[in-house]
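Here is how the chains run, residue by residue.
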Amino acid sequence: MFENLIIGQNQKDFEKYIKIKGKFLFKQVYDFLLSIPGNKNATYDQVSSCIRYDKNLRDKLYIYLATFEEFLRAKIFDKYDIKDAKYVINKKDENYISDLYKEIIKTNDNETSNLYNIFNLDLGDTISIVQQLQMFDQKTIEEFHKIRKLRNEVMHHNLIILGKETILEKVKANQDIIKKYVISLANQLPEGYKDNFIDDINRLRCDVPEYKIILGG
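Counting from 1, residues in each chain are numbered in the order their sequence is written. With the structure being a predicted model, the display of local features is reserved for residues of pLDDT at least 70 and the display and counting of side-chain atom pairs for 80 or more, all residues being used for whole-chain, interface and lining totals. Side-chain metrics in this entry use all non-hydrogen atoms of the structure; hydrogen atoms and water are not considered.

Peer 1: Requested: an account of the pattern of salt bridges, with residues and values cited.
Peer 2: Between Lys or Arg on one side and Asp or Glu on the other, a salt bridge is scored when a side-chain nitrogen of the former is within 4 Å of a carboxyl oxygen of the latter. With the rule as written, the count across this model stands at seven salt bridges. Two residues, Asp-54 and Arg-58, come together in a salt bridge whose shortest N-O distance is 3.8 Å. Of this pair, Asp-54 and Arg-58 both sit in helix α3 (residues 44-79), separated by four residues, roughly a single helical turn. The class for Asp-54 is buried, based on a relative accessible area of 1%. For every residue, the accessible area (1.4 Å probe, protein chains only) is compared with the maximum for its type, and the residue is labelled buried under 20%, exposed over 50%, or partly exposed between those bounds. Here Arg-58 falls in the buried class, since its relative accessible area comes to 16%. Residue Asp-59 pairs with Lys-55 through a salt bridge whose shortest N-O separation is 2.9 Å. Runs of E in the DSSP output that reach at least two residues are strands. Runs of H or I that reach at least four are helices, and both are numbered from the N terminus.

Peer 1: Can you break down the packing of aromatic side chains residue by residue, with the values?
Peer 2: Geometry of aromatic contacts follows a simple scheme: Phe, Tyr and Trp rings, the Trp one being its six-membered ring, pair when their centres are within 6.5 Å, and the pair is stacked under 30 degrees between planes, edge-to-face over 60, tilted otherwise. Summed over all chains, the structure comprises 12 aromatic pairs. Site record: aromatic cluster; members linked through ring pairs are Phe-2, Phe-14, Phe-26, Tyr-30 and Tyr-44.

Peer 1: So what's going on with the nonpolar core? Residues and values would help.
Peer 2: Counting residues in hydrophobic clusters, the biggest one holds 69 residues, and the most contacted among them are Leu-61, Leu-100, Leu-185 and Tyr-211. It is α3 that contributes the most residues to this core, 13 residues altogether. Residues count as neighbours in contact if any of their non-hydrogen atoms are within 4.5 Å of one another. Not counting residues within four places of it along the chain, the set of residues in contact with Leu-100 comprises Ile-82, Tyr-87, Ile-89, Leu-115, Ile-118, Leu-121 and Ile-129. The definition of a nonpolar core used throughout is a set of buried Ala, Val, Leu, Ile, Met, Phe, Trp, Tyr and Cys residues joined through side-chain atoms within 4.5 Å.

Peer 1: Could you give an account of the state of the cysteines, with specific residues and numbers?
Peer 2: Two cysteines whose sulfur atoms are joined by a covalent bond form what is called a disulfide. Here, a disulfide means two cysteine sulfur atoms that sit within 2.5 Å of each other. A complete count under the given rule lists zero disulfides for this structure. Cys-206 provides the cysteine sulfur closest to Cys-50, a residue in no disulfide bond, and the two sulfurs are 4.3 Å apart. Given a relative accessible area of 0%, Cys-50 falls into the buried group. The class for Cys-206 is buried, based on a relative accessible area of 12%.

Peer 1: Quick one: what's the story with the packing of α3 against helix α9 (residues 194-203), residue by residue and with numbers?
Peer 2: In this description, a line fitted to the C-alpha atoms serves as the axis of each element, helices being fitted only across the stretch in contact, and the angle between N-to-C directions of two axes falls anywhere from 0 to 180 degrees. Viewed as axis vectors pointing N to C, α3 and α9 meet at an angle of 170°, and their least axial separation amounts to 10 Å. The pairing of α3 with α9 is recorded here as roughly antiparallel in orientation. Facing α3, whose interface residues are Leu-57, Lys-60, Leu-61 and Tyr-64, α9 presents Asn-196, Phe-197, Asp-200 and Ile-201. All amino acids are sorted into three groups, where Ala, Val, Leu, Ile, Met, Phe, Trp, Tyr, Cys and Pro are nonpolar, Asp, Glu, Lys and Arg are charged, and the leftover types, Gly among them, are polar. Classifying every residue of the contact of α3 with α9 by side-chain character gives five nonpolar, one polar and two charged. Throughout, the term roughly parallel applies to angles under 35 degrees, roughly antiparallel to angles over 145, roughly perpendicular to angles from 65 to 115, and oblique to all others.

Peer 1: Explain the confidence of the model for the chain to me, and be specific about the residues and the numbers.
Peer 2: Each residue carries a pLDDT value, the predictor's own confidence for that position, ranging from 0 to 100. Residue-level pLDDT values for the chain average 95, and 100% of them are 70 or greater. Mean pLDDT across the secondary structure elements of the chain bottoms out at strand β4 (residues 104-106), with 91, and peaks at strand β2 (residues 42-43), with 98.

Peer 1: Help me get a handle on the layout of surface pockets, residues and values and all.
Peer 2: Empty space within the largest pocket amounts to approximately 150 Å³. Think of a 1 Å grid over just the protein atoms. A cavity is a set of points where a 1.4 Å probe fits yet cannot get out, a pocket is an open set with protein on both sides within 12 Å along at least five of seven lines, and lining residues have an atom within 4 Å of a point. In terms of lining, the largest pocket is formed by Ile-20, Lys-21, Leu-25, Ile-51, Asp-54, Lys-55, Arg-58, His-157 and Leu-159. Breaking the lining of the largest pocket down by element, the ones donating at least two residues are α1 (11-21) and α3. Here the residues of the lining of the largest pocket sort into four nonpolar, one polar and four charged. Grid points are joined across faces, edges and corners, and a volume is the space filled by probe spheres set on the points.

Peer 1: Help me get a handle on unusual backbone geometry, residues and values and all.
Peer 2: Not every positive phi belongs to a glycine, and Gln-134 is a case in point at roughly 55°. Looking at where Gln-134 falls in the secondary structure, it is placed in the loop between α6 (123-133) and α7 (138-155).

Peer 1: So what's going on with the packing of α7 against helix α8 (residues 168-188)? Residues and values would help.
Peer 2: For the pair α7 and α8, the least separation of the axes is 8 Å and the interaxial angle reads 120°. One element, α7, and the other, α8, form an angle in the oblique class. The element α7 and its partner α8 pack so that their crossing is left-handed. Residues Thr-140, Glu-143, Phe-144, Lys-146, Ile-147, Lys-149, Leu-150 and Glu-153 of α7 form the contact with α8, whose own contacting residues are Ile-178, Lys-180, Tyr-181, Val-182, Ser-184, Leu-185, Asn-187 and Gln-188. Per-class residue counts for the contact of α7 with α8 are seven nonpolar, four polar and five charged. Each crossing gets its hand from how the near helix is turned against the far one by less than a right angle, where anticlockwise is left-handed and clockwise is right-handed.

The following block contains the structure:
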């Protein structure tokens, strides 16, 4: 299974982490490394570096995705409320988004917020609400949907960079998609966050250049 993997003095680590991470995750990264032109072998250190990078990328994205979601919700609460403080969002009703929209009113009263108290929507539903409220232009909404897709990638168990791929060319295609999602997130973060976010992503270490994504300024 790992005939061309050079483990060296890392045998104990290899045996430990292959049990934790799973042999098929290791195999996916290993196959990717062997697909890079000129690579006849892969090292345990390379496999480990890719896996660590993917986890660190996931963790960093999770933090900034949470910031974006909080910021988007705050924009809604600053402008809108609902009429009835006793209103409950019933997600069992397939029309719960449109039903909520009918209850929403514009408000200048920032002392209290019934909407804040009952709001329990995920990111996809939140985007649906701002679309119905026409709070943003179409280009911004499109970026929101890319951010939603990025969140789905972060919350899934697949490696973010590889997805389900193992071949360099297909991995590059997946990287390009992920990079577009990440750039959309950078664009929609609160003022003053974008540059730090880009720096944080670019500073993540990976010893395999083909695995790492780099964002422009």
